[in-house]
Amino acid sequence: MIALAAAWIIPLLGLGGYALDRAMVGTITRNFENQLDFALTAMVSAADLDDVGEVRFLRPLGDQRFFEPYSGLYWQVSAEGQEPFRSRSLWDRILGGPPRADCRKPCRYASERFAGETLRIVGRQIKLPGSDTSFYFQVAQSTRDLDEQVKLLRTIMFWSLGGLGVSLLALAALQSTYGLSPLEKVSRAIAAIRSGEAKRVGSDFPDEIAPLISEINELLEHNERQAEASRRHAGNLAHALKTPMSVLIGESQGRNDPLALTVAAQVQVMRRHVDHQLARARAAGRRGASTSRADVWPALQAIARTVGRIHRDRDVTIDIAGDKHKIFRGERQDLDEMVGNLVDNAALHGGGRVFVTVAGDPGCVEILVEDDGRGIPEAARARLFARGERLDTDKPGTGLGLAIVRDVAEIYGGSVALEESEDLGGLLVRLTLPAV
């Protein structure tokens, strides 16, 4: 809008300035020439012939500059075969003759006869009463004053129109900024909803924005209803599937025939898919409308105690270090599920020592989980994020841990990366999540 205003204001001011310049300069120039016409008329009316037929003035011309040498205002009367009758201001200079043969009507022209001085001349051929000689009356004036007046006028016009243009552009910028500020406020309100700081856009907006706010809030409410319905359907489906799966597992237990083994294996695959999708549905639903916060340090301490009790027979040691004040922008339940899977995997597949570090820049929290196990080759790390994929089949598990962690982290806008632990020599899992 500011650029559009500039594209409109600047050309208009330019055209207006050009038209005003032409009009004002033309007016000044005409006034300048009118003064020469008045002086020429005064010369003719005061002229008369003396006894020898030469022109003399019955009364002196009124402008004092005619009597000051090189004053810039001059007159001269000339005729063929006679010495020019000149003003004192010409001193030792002569204006010259008419520019063309016929100047019975006033001739107006510029002259560069005098070095460093441009003259504007008005001349006329006159026959005085009682004489057959054609005398050429002319009045000349230096254009120095005219040029200075034009320069001063153009300077004033430039700064005046420039100041007007800047003022108009500033006003357009102020008007656009003030007029569009409610949209910036809407943007901040939507950002607050995305970050979980608010659930709806407030109502403190101008009437012009109110329909937009109403539509946004209705859309948010509709999305929440849709998300809740999806979570409810997913839960109902999972519960509906768990009962027949439990029956199938019960029927297949204690039997070693191929059919029973196949049924048991496929039911386990189905259960992994159900658990995985339930975890995603819960996290997505909570992320869509959550304003929750979770302290990272207490959550890690609780996870360490729980995992330590689970793996008490393996003598697992879990150490926690780093920033104690980080706050995860999300649900505590999802944080427990992600970090719990990582710590449990480290305790299960490592050598018995797990080291958890809390770090991260402002706006994010990084949780580093390291173990002293054998580590994982870089080429095989990507496979671990596939659902049901396991590299160590000697240990119990479903192979869903890292897949669930990755999916839940991505729902919150985070990420998971597998690296090599420099301190313990095993695997390092870097979990990055949004922080308050």
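Residues numbered from 1 in each chain as written. Predicted model: local features only at pLDDT ≥ 70, side-chain atom pairs only at ≥ 80, totals over all residues. Heavy atoms only, no water.

1. Focus on the overall build of the chain
Argument step 1. Of regular secondary structure, the chain possesses eight helices and 14 strands.
Argument step 2. Taken against the 2.2 N^0.38 rule, which gives 22 Å for 436 residues, the C-alpha radius of gyration of the chain at 49 Å runs more than 25% over that of a compact globule.
Argument step 3. By its C-alpha atoms, the chain is 155 × 50 × 40 Å across when sized along the principal axes.
Argument step 4. Burial status across the chain gives 38% buried among its 436 residues.
Argument step 5. Partitioning the contacts of the chain with sequence separation of at least 6, the portion at a separation of at least 24 is 59%.
Argument step 6. Roughly 25,200 Å² of accessible area belongs to the chain as shown, and the carbon and sulfur atoms make up 55% of that amount.
Argument step 7. Taking the average place of the 53 positive charges on the side chains of the chain and the average place of its 57 negative ones, the gap between the two points comes to 3 Å. (Helix = DSSP H or I, 4+ residues; strand = E, 2+ residues; numbered from the N terminus. Rg over C-alpha atoms; globule rule 2.2 N^0.38 Å. Buried < 20%, exposed > 50% of the residue type's maximum accessible area, 1.4 Å probe, protein only. Contact = heavy atoms within 4.5 Å. Areas by Shrake-Rupley, 256 points an atom, 1.4 Å probe, with all protein chains shown as cover. Lys, Arg positive; Asp, Glu negative; His and termini not counted. Charge placed at Lys NZ, Arg CZ, Asp CG, Glu CD.)

2. Here we look at the pairing of strand E7 (residues 134–142)
Argument step 1. Extensive coverage of E7 is indicated by the burial of eight of its nine residues.
Argument step 2. With six bridges joining them, strand E3 (residues 73–78) and E7 adopt antiparallel strand pairing. Note that in E7 the partner of Gln76 across the bridge is Gln138.
Argument step 3. The sheet contact formed by strand E6 (residues 117–127) and E7 spans nine bridges and is antiparallel. (Pairing = 2+ DSSP bridges.)

3. Description of the state of the cysteines
Argument step 1. Following the criterion strictly, the structure yields one disulfide and no others.
Argument step 2. With its sulfur 2.1 Å from that of its partner, Cys103 forms a disulfide with Cys107. Here the disulfide of Cys103 and Cys107 is left-handed, its torsion about the S-S bond being about -110 degrees. Here the two residues Cys103 and Cys107 agree in accessibility, since each one is buried. (Disulfide = S-S within 2.5 Å.)

4. Some details on the sheet that holds strand E13 (residues 415–420)
Argument step 1. Read from one edge of the open sheet, five strands run E9-E11-E12-E14-E13, paired in mixed fashion. Each edge of the open sheet is held by one strand with a lone partner, namely strand E9 (317–322) and E13. The average undirected angle you get between the axes of adjacent strands in this sheet is 20 degrees.
Argument step 2. Both strand E12 (residues 364–371) and strand E14 (residues 427–434) contribute to a ladder of seven bridges, which runs antiparallel. (Axes fitted to C-alpha atoms, helices over the stretch in contact; angles between N-to-C directions.)

5. Comments concerning a nonpolar patch on the surface
Argument step 1. Where nonpolar side chains cluster on the molecular surface, the patch consists of Met1, Leu180, Leu183 and Leu212 and spans about 380 Å² of accessible area.
Argument step 2. One can find Leu180 in helix H2 (residues 144–195). (Patch = residues over 30% accessible without salt bridge, like charges linked within 9 Å, V, L, I, M, F, W, Y side chains within 5 Å. Salt bridge = Lys/Arg side-chain N within 4 Å of Asp/Glu carboxyl O.)

6. Observations concerning the sheet that holds strand E5 (residues 107–114)
Argument step 1. The sheet built from five strands is open, its strands ordered E4-E3-E7-E6-E5 with antiparallel pairing. The open sheet has two edge strands, strand E4 (85–86) and E5, and neither has a second partner.
Argument step 2. Of the strands in this sheet, E3, E5, E6 and E7 touch helix H1 (residues 2–46), which is tilted by about 145 degrees from E7.

7. Things to note about the pairing of E14
Argument step 1. Counting buried positions over the eight residues of E14 gives seven, a clear majority of the element.
Argument step 2. Of the pairings in the sheet, the one linking E13 to E14 comprises six bridges and is antiparallel in character. Among the inter-strand pairings, Ser415 is bridged to a residue of E14, identified as Thr432.
Argument step 3. Two successive antiparallel strands, E13 and E14, enclose a turn made up of six residues, where Gly425 displays a positive phi of approximately 85 degrees.

8. A word on the nonpolar core
Argument step 1. Formed by 39 residues in total, the largest nonpolar core has its most connected members in Leu335, Ile367 and Leu431.
Argument step 2. Residues Phe32, Val77, Leu146 and Val150 belong to the second largest nonpolar core, which totals 27 residues. (Core = buried A, V, L, I, M, F, W, Y, C linked by side-chain atoms within 4.5 Å.)

9. Details of helix H3 (residues 210–252)
Argument step 1. When the terminal C-alpha atoms of H3 are compared, their 62 Å separation across 43 residues agrees well with the 63 Å that a helix rising 1.5 Å per residue should span.
Argument step 2. Residues Ile213, Ile216, Asn217, Ala229, Gly235, Ala238, Met245, Ile249 and Ser252 constitute the buried set of H3.
Argument step 3. Where H3 ends, the next residue or the one after it, Gly254, has phi of about 80 degrees, a positive value. (Expected span 1.5 Å × (residues − 1).)

10. Section: unusual backbone geometry
Argument step 1. The backbone of Tyr70 shows a phi angle near 55 degrees, a positive value even though the residue is not glycine.
Argument step 2. Relative to the assigned elements, Tyr70 resides in the loop between strand E2 (55–57) and E3.
Argument step 3. Since its relative accessible area comes to 41%, Tyr70 is described here as partly exposed.
Argument step 4. Although it is not a glycine, Trp91 sits at a positive phi angle of roughly 60 degrees.
Argument step 5. Trp91 sits in the partly exposed class, given a relative accessible area of 45%.

11. Topic: the environment of Gln333
Argument step 1. Here Gln333 is to be found in helix H6 (residues 332–349).
Argument step 2. Placed 114 residues apart in sequence, Gln333 and Leu219 show a C-alpha to C-alpha distance of 27 Å.

12. Side note on the pattern of salt bridges
Argument step 1. Summed over the entire model, instances satisfying the criterion amount to 16 salt bridges.
Argument step 2. The salt bridge partner of Arg188 is Glu184, with a shortest N-O separation of 3.6 Å. Of this pair, Arg188 and Glu184 both sit in helix H2, four residues apart, which is roughly one turn of that helix.
Argument step 3. The residue Glu366 makes a salt bridge to Arg430 at a minimum N-O spacing of 3.2 Å. In this pair, Glu366 is assigned in strand E12 and Arg430 in strand E14, connecting sequence segments 64 residues apart.

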